[in-house]
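Chain and residue survey
Listed below, chain by chain, are the residues.
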Amino acid sequence: MAAQETSQSAIFRHAFGNVLSFTVLLLIGVMAFSIRLFSVIKYESVIHEFDPYFNYRVTQFLTKSGVYDFWNWFDDRTWYPLGRVIGGTVYPGLTLTAGTLWRILNSINIPLSVETVCVFTAPVFSAFASWATYLLTKEIKGAGAGLTAAALLAMVPSYISRSVAGSYDNEAVAIFALIFTFYLYIKTLNTGSLFYATLNAIAYFYMVCSWGGYTFIINLIPMHVLLCIVTGRYSPRLYIAYAPLVVLGTLLAALVPVVGFNAVMTSEHFASFLVFIIIHVVALVYYIKGILTPQMFKVAVTLVVSVGMVLCFAVLAVLIALVASSPTKGWSGRSLSLLDPTYASKYIPIIASVSEHQPPTWPSYFMDINVLAFLVPAGIIACFLPLSDASSFAVLYIVTSVYFSGVMVRLMLVLAPAACIMSGIALSEAFDVFTRSIKFHLVGTTQNPQENAGDATKVTQNDVKSEKSEDTVKERSSRKSKKKDKENIEKPSLVSRVEKRLLVLPLETSVMAVFLVVLLGAFYVVHCVWAAAEAYSAPSIVLTSRSHDGLHVFDDFREAYAWLSHNTEVDDKVASWWDYGYQTTAMANRTVIVDNNTWNNTHIATVGTALSSPEKAAWDIFNSLDVKYVLVVFGGLVGYPSDDINKFLWMVRIGGGVFPHIKEPDYLRDGQYRIDSQATPTMLNCLMYKLSYYRFVETDGRGYDKVRNTEIGKKHFKLNHFEEVFTTHHWMVRIYKLKSPRNRIRGKTKRSKSKSGTSKRSTRKKNPWQ
Amino acid sequence: MAISPTTFAVAALLVISHLSLLTTPATSLSSDSLLTELSDLQSQSPTGVIRLSDSLLRRIVSLPTPRPFHALIFFDAHQLHSKPELSLPTLKSEFGLVSASFQSNNPNFKSKLFFFEIEFQESQSSFALFGVNSLPHIRLIPPTASDVKTESIQMDAADYSRLGDSMAEFIESRAKFTVGPINRPPVVSKKQIAFVIAVILIWSPFFLKKLIAGNTIFHDKNIWMAGSVFVYFFSVSGAMFNIIRKMPMFIADRQDPSKLVFFYQGSGMQLGAEGFSIGFLYTIVGLLLAFVTHVLVRVKNKNVQRVVMLFVLLVSFWAVKKVVFLDNWKTGYGIHGYMPTSWQ
């Protein structure tokens, strides 16, 4: 009777625990989604920044024309006159995901626009990512740790920075794919099921579709396999988890056009093949060990080892020869700079100059993972006690990602899930010990232990964490008993129960500790909400500034793009610096010369040269490219610092890199970049200066630039070859039209004009750029 | 252009072979004798860089133009070798490398381009002759230059920014000599590599045996644990930033040079000591927490538990508070919650 009752109550508790975790997970999903809506609330539902506009445009095309047309899409609206093959040069995961979402929603009669779907893709996928984190951490250390980790990931600032509503970029879905792939790998490792192994390969395929960061997976998992082998943890489950992933995963990865044969040709993938060979050798050794007697095995070992080693060395030699024959040793610059951190700063200035590729300082960690930085070491140690296949993977993940994040601040994004998992484990263990101590002491002193214990934890813990830490114990035990059946790597649950009784801490210090840990959690929540609301929500297409007389909204960019789309011909070409290329094609639907996919340096240099040349020369270059309109971004009136004048030296540098007659020193007075009366004549006569400051003196009478904090050098001038056609409300975007050639040549008949015009153009075709 | 280097080469070869036959350099022409002397000096020096004295320089300069060779001079000062921002020792060794590579790649042009170095202590007058008042300074004297101060070409900072490679480019563009690939000595010599490979080959069977038995240093999880925590500490302290940017541990205060600055205000930069101390604070809290949850619970004595825990809580609280304070001070962010207005 009694036994039946206890078993029934155990079933009830188990069911209750499951429902509770499900509810908590649901709430975590809601939180992950809603914390990313600050950008929509504070601004509006728009796509952010630059690259997301390209993704948005591709998604639009996909929803309109279907997958096959998307796959074969040659885009003639950009890089005029070269064009760009879109299907073969993008990671299609994000666009396909959003396109599918849109299609599903429409087929069930929810008529959302493509833009809305794109805006909210990232928040939706962060909810998925936190659920994936739950699954992964549950496999490593149980459901309690899983729920904590999921809650932490739902609001980790580093991930928020890439996935606020409107930031429609690859990373938004890629982080989910990354965590989910890891989960399936660990799941396969724990169960040895081929079903999960296949799913794992498919998840890996999705990751390859989504982001170039998939190379992290295909190097981390082999590293883990190798680690398991070296530390004597080889098992058939390991083989099942790894071999199908390499074979299926590589085949699937090669299907993605942008990866293609890179999946077998580049060094980033060689580690996986090498480990693939090693695991087969090891599997053979274990197999032979199984069928032979110990004495026979000793004899065999010498044989097998020598043959295996010879084979390994032969393959290794071939690999090394292959790798050494390529100039960069088969590694891309970015990967090399990860292995040797000083590589990029020495040899690749382009990579080194991008701010995302800088090494971070310690405040970056505090900004991006906040208090998790304190908790991670505890999680690492918890993973070692006891060490399982799954927890060793978690340790490897955190160690590699924290090292990489130390080299490149951008990879903080990969560190964030690992930090959340580790901190989740640490927090869950801490709560486990402290609440157990409190419970133990209260059982000894009061009549009604269960109720009181529950109250005590409820009082001290405020948010979601209370439920989590409570059901940690329950879930733990049930999981343990399950696990015992499959594997006897962990201690029998009975022993650990007995141990748990004894392992307690004093009551008052435990209460204090719980209080402090909750305080730490509360600080984390405050920081994350602050970061989401203040630091990472600005869409940078709409700007706001707060001054004493209220909020100012600067919507000049969209004003300008709307003007372009309404007042210019469909086939007109618009020239601007490459930063605004994606936005122009997506919002104004006009052809641009260069855009943010900076694949052709010469073309960018041509535009840079034109903007750094005097008016006439610039006109010639632009005319030879069929440009009708030139767009410049100018912040001098309102004090918007990232305008074209501030980027101008890069235009000069890049232009001068290809066309040597543009020399940087010509634009600098004594090495200083200035636009005031001390500026060099070359600077004051270049097109960028003229287009930015044309009629600027009319605004306040003296031409005071609020960004450079100085009066401009040349105030009154006329444009001969360009005419101003549109300037936005705050002067942030100015659009000029190229005057047609007939205004340029006076005193000739119309016929001879056009003839001479064309002949001149054809003879000048090479000339204006060199 | 294409012909003249060949004829030069033939002429030079003739001159050299002719002169080398003579046991004592009979001085028929002053330029020939000087060339022989320079060639001698060149072959004596291991890198082929000739130490220039005041008298030797005077003799070179006094040769009638066009002189039969180019001269590339590296201005050196021993007393400035200790200044890291000038990186004179690096440049000097790179200069030597370029010289050695040039001479081994172009044996025919050995006496067409000589590499010299001048030491400030010995030849101050030569420094004055060229008007050199700041280092690093590298100068090329073309054969046609009669007035060395104005007609010689100074190497720009950009031309030795990439060390030997850019120096070679400078020589190629100005003196029209191809230096060819720069032969850097390998980090480990061939003998060392062979030795290491031999050791690995001998050791690997034993290691494999141990590995199969499951009894190596890799099977001790404590080592892995310490290693992972160390990597974590190393990364979050921003040590990679210090290595890549070559940050010093601390700097002297601008206003008061006797004071040392350990913490730099502004989030784009950090100092070495600063990074390590914060990295230590980041790590210590987690380690203490792990200590409490895994070790302290096993201690039987209640009072020991109490005292240690109080200590741990205090230290952790202080560490977190310190980091939060320093972060706000360094970055200038004011993190605040979004409380309802009625609460205030």
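Not measured: the values here are computed from a predicted model.

Regarding the overall build of chain A
Broken down by element type, chain A carries 35 helices and 13 strands. Considering chain A as a whole, with its 770 residues, one finds that 55% of them fall into the buried category. By sequence separation, contacts in chain A at least 24 residues apart represent 72% of the contacts at least 6 residues apart. Surface exposure of chain A reaches about 32400 Å², of which carbon and sulfur atoms provide 62%.

Structural notes on the pattern of salt bridges
All names here are of chain A. Counting across every chain of the model gives 25 salt bridges over all chains. When the shortest N-O distance is used, the salt bridge between Asp75 and Arg57 registers 2.9 Å. Of this pair, Asp75 sits in strand 1 (residues 74–75) while Arg57 is found in helix 3 (residues 51–65), placing the two residues 18 residues apart along the sequence. This pair shows no difference in class: Asp75 is buried, exactly as Arg57 is. The salt bridge partner of Lys187 is Glu139, with a shortest N-O separation of 3.2 Å. One end of the pair, Lys187, is in helix 9 (residues 170–191); the other, Glu139, is in helix 6 (residues 114–141), and 48 residues separate them in sequence.

Topic: the interface of chain B and chain A
Residue-level contacts link 64 residues of chain B with 64 residues of chain A. The largest share of the area that chain B buries against chain A comes from Tyr232, Tyr282 and Ile335 of chain B, three residues that together contribute 11% of it. Seen at the junction of chain B and chain A, the total is 1 salt bridge. With its nearest N and O atoms 2.5 Å apart, the salt bridge here joins Arg306 of chain B to Glu508 of chain A. Linking chain B with chain A are 12 residue pairs in polar contact (both at pLDDT 80 or more). If you list the elements that add at least two residues to the side of chain B that touches chain A, you get helix 8 (190–213), helix 9 (221–236), helix 10 (239–245), helix 11 (272–294) and helix 12 (302–331) of chain B. With 15 residues, the single largest contributor to the side of chain B that touches chain A is helix 12 of chain B. Along the lines of polarity and charge, the residues of the side of chain B that touches chain A split into 38 nonpolar, 18 polar and 8 charged.

Topic: the sheet that holds strand 1 (residues 49–52) of chain B
Residues and elements named next belong to chain B. Strand order in the open sheet made by the 5 strands is 1-3-2-4-5, with mixed pairing throughout. Bordering the open sheet on either side are strand 1 and strand 5 (153–154), each of which pairs with just one other strand. Bridging between strand 2 (residues 70–76) and strand 3 (residues 113–119) involves 7 bridges; their strand directions are parallel. Looking across to strand 3, one finds that Phe74 is bridged to Glu117. Strand contacts of helix 4 (residues 88–105): strand 1, strand 2, strand 3 and strand 4 (137–141), with the helix running at about 160° to strand 2, the strand carrying the most contacts. In the packing of helix 7 (residues 164–175) onto the sheet, contacts are made with strand 2, strand 3, strand 4 and strand 5, and the angle to strand 4 comes to roughly 25°.

As for the confidence of the model for chain A
Residues and elements named next belong to chain A. Taken over all residues, the pLDDT of chain A has a mean of 83, while the share at 70 or more is 84%. When mean pLDDT is taken per element in chain A, helix 10 (residues 194–210) scores highest with 95 and helix 23 (residues 449–460) scores lowest with 38. pLDDT under 50 marks residues 447–501. Its contacts with residues more than four places away, or in other chains, come to 70 contacts.

Structural notes on the nonpolar core
Phe182, Phe434 and Phe557 of chain A together with Tyr282 of chain B are the most contacted members of the largest nonpolar core, which totals 176 residues. The element that contributes the greatest number of residues to this core is helix 22 (residues 412–445) of chain A, accounting for 19 residues. Aside from chain neighbours lying at most four places away, what touches Phe434 of chain A is Leu505, Ser510, Ala513, Val514 and Val517 of chain A together with Leu289, Val292 and Met309 of chain B. Phe74, Leu135, Ile138 and Leu140 of chain B belong to the second-largest nonpolar core, a separate cluster that totals 46 residues.

Thoughts on the packing of helix 9 of chain A against helix 10 of chain A
All names here are of chain A. Put simply, helix 9 and helix 10 touch, their axes get as near as 8 Å, and they point 160° apart. By the criterion of interaxial angle, the relationship of helix 9 to helix 10 is roughly antiparallel. Of the two elements, helix 9 crosses helix 10, and the hand of that crossing is left-handed. Residue composition of the contact of helix 9 with helix 10, grouped by class: 15 nonpolar, 6 polar and 1 charged.

Some words on the packing of helix 9 of chain B against helix 11 of chain B
Residue and element names in this part refer to chain B. Axis separation between helix 9 and helix 11 bottoms out at 8 Å; the angle between their running directions is 140°. In terms of orientation, helix 9 lies oblique with respect to helix 11. When the axes of helix 9 and helix 11 are compared, the crossing they make is right-handed. Residues Val229, Tyr232, Phe233 and Val236 of helix 9 form the contact with helix 11, whose own contacting residues are Phe276, Gly279, Phe280, Tyr282, Thr283 and Leu287. A breakdown of the residues in the contact of helix 9 with helix 11 according to their chemical character gives 8 nonpolar, 2 polar and no charged.

A word on the UniProt feature "domain: STT3/PglB/AglB core" (unreviewed entry) in chain A
Here, UniProt's "domain: STT3/PglB/AglB core" (unreviewed entry) annotation points to residues 571–630 of chain A. The span residues 571–630 of chain A shows a helical share of 50% and a strand share of 15%, and its end C-alpha atoms are spaced 14 Å apart.

Details of a nonpolar patch on the surface
Together, Phe195, Val196, Val199, Ile200, Ile202, Trp203 and Phe206 of chain B make up a nonpolar patch on the protein surface, roughly 760 Å² of accessible area in all. Take Ile202 of chain B: it is sitting in helix 8.

Side note on the UniProt feature "transmembrane region" (unreviewed entry) in chain B
All names here are of chain B. Per the UniProt record, "transmembrane region" (unreviewed entry) is annotated on residues 193–212, 224–244, 276–297 and 304–320. In residues 276–297, helix accounts for 86% and strand for 0%; the two terminal C-alpha atoms are 30 Å from one another. The distance from the first to the last C-alpha atom of residues 304–320 is 24 Å, and the span holds 100% helix and 0% strand.

Quick look at the pairing of strand 7 (residues 627–633) of chain A
Along any regular strand the residues' side chains alternate between the sheet's two faces. Residues and elements named next belong to chain A. Taking burial as the measure, the 7 residues of strand 7 include 6 buried ones, the bulk of the element. Pairing of strand 5 (residues 573–575) with strand 7 involves 3 bridges; the strand directions are parallel. Bridged to Lys573 within strand 7 is Val627. Sheet topology note: the strand 7/strand 13 (residues 733–738) ladder contains 5 bridges and is antiparallel. Bridged to Val630 within strand 13 is Tyr736.

Things to note about the confidence of the model for chain B
Residues and elements named next belong to chain B. Here chain B averages 77 in pLDDT, while 85% of its residues score no lower than 70. Considering only residues more than four positions removed or in separate chains, one finds that residues 1–28, a stretch of pLDDT under 50, has 11 contacts. This complex was scored by the predictor with a pTM of 0.77 and an ipTM of 0.81.

A few points about the sheet that holds strand 12 (residues 722–727) of chain A
Pairing is mixed in the open sheet, where 5 strands are placed in the order 6-5-7-13-12 (chain A). Two strands in the sheet have a free side with no partner beyond their single neighbour: strand 6 (591–592) and strand 12 of chain A.

Focus on the packing of aromatic side chains
Summed over the entire model, instances satisfying the criterion amount to 48 aromatic pairs over all chains. Here Phe366 of chain A and Phe523 of chain A contribute two aromatic rings whose centre-to-centre distance is 6.5 Å and whose plane-to-plane angle is 40°, an arrangement assigned as tilted. Taken together, the residues span a long stretch of sequence, with Phe366 of chain A in helix 19 (residues 362–368) and Phe523 of chain A in helix 26 (residues 507–535) at a distance of 157 residues. Its relative accessible area of 24% is what places Phe523 of chain A among the partly exposed residues. Both rings, one in Phe69 of chain B and one in Phe114 of chain B, keep their centres 5.2 Å apart while their planes meet at 85°; by these two values the pair is edge-to-face. Highlighted residues: Phe69 of chain B in the loop between helix 3 (54–62) and strand 2 and Phe114 of chain B in strand 3, separated in sequence by 45 residues. The residues Phe69 of chain B and Phe114 of chain B share a single accessibility class, namely buried.

Calculation criteria
- Residues numbered from 1 in each chain as written.
- Chains lettered and ligands numbered in written order.
- Predicted model: local features only at pLDDT ≥ 70, side-chain atom pairs only at ≥ 80, totals over all residues.
- Heavy atoms only, no water.
- Helix = DSSP H or I, 4+ residues; strand = E, 2+ residues; numbered from the N terminus.
- Buried < 20%, exposed > 50% of the residue type's maximum accessible area, 1.4 Å probe, protein only.
- Contact = heavy atoms within 4.5 Å.
- Areas by Shrake-Rupley, 256 points an atom, 1.4 Å probe, with all protein chains shown as cover.
- Salt bridge = Lys/Arg side-chain N within 4 Å of Asp/Glu carboxyl O.
- Buried area = accessible area lost by both parts, 1.4 Å probe.
- Polar contact = N/O pair within 3.5 Å; in protein donor to acceptor, adjacent residues only side chain to side chain.
- Nonpolar A, V, L, I, M, F, W, Y, C, P; charged D, E, K, R; others polar.
- Pairing = 2+ DSSP bridges.
- Axes fitted to C-alpha atoms, helices over the stretch in contact; angles between N-to-C directions.
- pLDDT = per-residue confidence, 0-100.
- Core = buried A, V, L, I, M, F, W, Y, C linked by side-chain atoms within 4.5 Å.
- Parallel < 35°, antiparallel > 145°, perpendicular 65-115°, else oblique.
- Left-handed = near helix turned anticlockwise from the far one by under 90°.
- UniProt positions renumbered as here; feature names shortened; annotations may be inferred.
- Patch = residues over 30% accessible without salt bridge, like charges linked within 9 Å, V, L, I, M, F, W, Y side chains within 5 Å.
- Phe/Tyr/Trp six-rings, centres within 6.5 Å; stacked < 30°, edge-to-face > 60°.

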